[in-house]
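# Examination of the molecular architecture
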Amino acid sequence: MTSTATRPAASGPADRPSPERQPRVISFSHRLSKWDLKFSPYLYISPFFIVFAIVGLFPIAYTAVISFQDWDLVRNSGEFVGFDQYIWILQNPQFWTALRNTFSIFLLSTVPQLVLAIFIAAMLDRNIRSKTFWRMGVLLPYVMAPVAVALIFSNMFGDNHGLVNNILTDLGLQAIPWHKDPFWSHVAIATMVNFRWTGYNALILLAAMQAIPRDYYEAATVDGAGAFRQFTAITVPSLRPTLIFVIITSTIGGLQIFDEPRMYDNTGEGGAAQQWLTITLFLYNIGWREWNFGRAAALAWILFLIILVIGLINLAVTRRLVRDEGGRGVTAPRKKGIRR
């Protein structure tokens, strides 16, 4: 007798009871970890932006507001006068004299400074004895206080009893009017600037020179290139990005020069005939001698715009000279018909 067992029919997906989806509960610790991962980078860099907003952006904005007012420092209030402060600055002959003196001192200091810095960096890059000693030695003028440097050099370039004129007269040459003649006063002040900043720029250029692969020089030596040819064909082209940086920083510092012309004589007013009056010294005289902070703020913004324009010019030069810094201006040609 054969017995057949009946199996229960398999229930299909439609016959199964649909389980109810329970809402996923996210714990507070999980949320906190997600917030930490998302916002912690901004929290870490926030101190810089907070300090910059307090000591950077706020003074700039506050100075812009004051520049449009006839400001009274005692009452801490002012009367709105529009662009009258800017018009007064631009119509003042002392502003144009200060602008001419500033650019003259800037050119007399920046060009020789860069040439000497490149030469000193090239010498320090060679295999010489006591490298650390010489590198620290070129940085000593930068460590010295600017006021001390200005006082020493102002006495050296004295008209009557200065060290430089004494040496010139001992050699049978004519003494130079360092304080009376505008050009020679600019040369004296530019010498102070060069003394302080040449070593600093030389170390920056030295760091860039040491980053150049030595294989280039070895290959050039095998090809028969001399030291001068290697310097002009390898070193100088490789220093273009660093040179642009040094030029920009020297431009900003040169247009804001204050300590050297301020300490060049006893009065600190830029000379009896404004021979070495600079923009920052003119700004100081307007603000703290005439107590006109509205005009001083307007002059500060004019100087800011001048530096901004020169910075944009340097940026244009940078894009033209250094188009591809990583590849040294060389881009691989694309092959037609191949797509990646």
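Up top is the structure.
The following refers to the structure shown. Not measured: the values here are computed from a predicted model.

Here we take up the pairing of strand β1 (residues 69-72). Judged by which residues are buried, β1 turns out to be one-sided: Gln69 and Trp71 face inward and are buried, whereas Asp70 and Asp72, on the alternate face, are not. Relative to strand β2 (residues 77-80), β1 is paired through four bridges, and the arrangement is antiparallel. Note that in β2 the partner of Gln69 across the bridge is Phe80.

With the rule as written, the count across this model stands at 23 aromatic pairs. Taking 5.9 Å as the distance between ring centres and 50° as the angle between the ring planes, the aromatic pair formed by Phe83 and Tyr86 counts as tilted. Seen in terms of ring centroids, Phe183 and Trp184 are 5.3 Å apart; in terms of plane orientation they differ by 70°. Their pairing is edge-to-face. The exposure class of Trp184 is partly exposed, given its relative accessible area of 31%. Members of the aromatic cluster, each reached through a chain of ring pairs, are Phe153, Phe157, Trp178, Phe183, Trp184 and Phe195.

Closest axis-to-axis distance for the helix α5 (residues 146-156)/helix α7 (residues 182-210) pair is 10 Å, and the angle between their directions is 135°. With respect to α7, the element α5 is oriented oblique. Our pair here, α5 against α7, has a crossing hand that is right-handed. Residues Pro146, Val149, Ala150, Phe153 and Ser154 of α5 form the contact with α7, whose own contacting residues are Thr191, Met192, Phe195 and Arg196.

Turning to the nonpolar core, a few remarks are in order. Counting 19 residues, the largest nonpolar core has Ile279, Phe282, Leu299 and Ile306 as the members making the most contacts within it. The biggest single contributor to this core is helix α13 (residues 293-321), with eight residues. Contact partners of Ile306, with chain neighbours within four places excluded, come to Leu99, Phe103, Leu255 and Ile279.

Summarising the element assignment, Pro112 is placed in helix α3 (residues 93-124). Note on Pro112: relative accessible area 34%, which makes it partly exposed. Along the chain, Pro112 and Thr191 lie 79 residues apart, while their C-alpha atoms are 9.4 Å from each other. Leaving out residues up to four positions away in the same chain, Pro112 has contacts with Leu107 and Asn194.

The next point concerns the pattern of salt bridges. With the rule as written, the count across this model stands at two salt bridges. Here Asp125 ties to Arg214 by a salt bridge, and the two come within 3.0 Å at their closest N and O atoms. With Asp125 in the loop between α3 and α4 (131-143) and Arg214 in helix α8 (residues 214-222), the pair connects residues that are 89 residues apart, well separated along the chain. Asp125 sits in the buried class, given a relative accessible area of 18%.

Now for unusual backbone geometry. Backbone geometry places Gln274, a non-glycine residue, at a positive phi of 55°. A positive phi angle, near 55°, is found at Trp291, a position not held by glycine. For Trp291, the location among the structural elements is in the loop between α12 (279-288) and α13.

Reading guide: rules and limits
Residues numbered from 1 in each chain as written. Predicted model: local features only at pLDDT ≥ 70, side-chain atom pairs only at ≥ 80, totals over all residues. Heavy atoms only, no water. Buried < 20%, exposed > 50% of the residue type's maximum accessible area, 1.4 Å probe, protein only. Helix = DSSP H or I, 4+ residues; strand = E, 2+ residues; numbered from the N terminus. Pairing = 2+ DSSP bridges. Phe/Tyr/Trp six-rings, centres within 6.5 Å; stacked < 30°, edge-to-face > 60°. Axes fitted to C-alpha atoms, helices over the stretch in contact; angles between N-to-C directions. Parallel < 35°, antiparallel > 145°, perpendicular 65-115°, else oblique. Left-handed = near helix turned anticlockwise from the far one by under 90°. Contact = heavy atoms within 4.5 Å. Core = buried A, V, L, I, M, F, W, Y, C linked by side-chain atoms within 4.5 Å. Salt bridge = Lys/Arg side-chain N within 4 Å of Asp/Glu carboxyl O.

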